[in-house]
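# Architecture and fold: a report
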Amino acid sequence: MLGKSRYSRRLNRLKGYFVTLFHLIGLTWKAENQSQIYNIDTFPIPVWITYASAVVVYIQKRNIAVIKQANDDISMLSNST
């Protein structure tokens, strides 16, 4: 069994091969698909819905924090005058 360090070193050694491989696959795909019609269906629906829901919750929480901070700033400015 490989240790984490050895696995990481081997994986980093292969990085160049993966970059080259994906570049060649991309060039081949581009040459074969001259009409540039793509069918994008990479995520199953349940996974996408779960991911999208998590993103929406994150954005909502972030917006609430920003709104609270803005309200605090406004109230602080109005109290100082």
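These remarks concern the structure in this document. Since the structure is predicted, the reported quantities are computational estimates derived from the model, not experimental observations.

### Description of the packing of aromatic side chains
- Across all of its chains, the model carries one aromatic pair by this definition.
- On the basis of an interplanar angle of 20 degrees and a centroid distance of 6.4 Å, the ring pair of Phe 18 and Phe 22 is categorised as stacked. Residue Phe 18 and its partner Phe 22 are located together in helix α1 (residues 4-32), separated by four residues, close to a single helical turn.
- The class of Phe 18 is partly exposed, set by a relative accessible area of 40%.

### Describing a positive patch on the surface
- A cluster of basic residues, Arg 6, Arg 9, Arg 10 and Arg 13, forms a positive patch on the protein surface.
- Tracing the backbone shows Arg 9 in helix α1.

Thresholds applied
Residues numbered from 1 in each chain as written. Predicted model: local features only at pLDDT ≥ 70, side-chain atom pairs only at ≥ 80, totals over all residues. Heavy atoms only, no water. Phe/Tyr/Trp six-rings, centres within 6.5 Å; stacked < 30°, edge-to-face > 60°. Helix = DSSP H or I, 4+ residues; strand = E, 2+ residues; numbered from the N terminus. Buried < 20%, exposed > 50% of the residue type's maximum accessible area, 1.4 Å probe, protein only. Patch = residues over 30% accessible without salt bridge, like charges linked within 9 Å, V, L, I, M, F, W, Y side chains within 5 Å. Areas by Shrake-Rupley, 256 points an atom, 1.4 Å probe, with all protein chains shown as cover. Salt bridge = Lys/Arg side-chain N within 4 Å of Asp/Glu carboxyl O. Lys, Arg positive; Asp, Glu negative; His and termini not counted. Charge placed at Lys NZ, Arg CZ, Asp CG, Glu CD.

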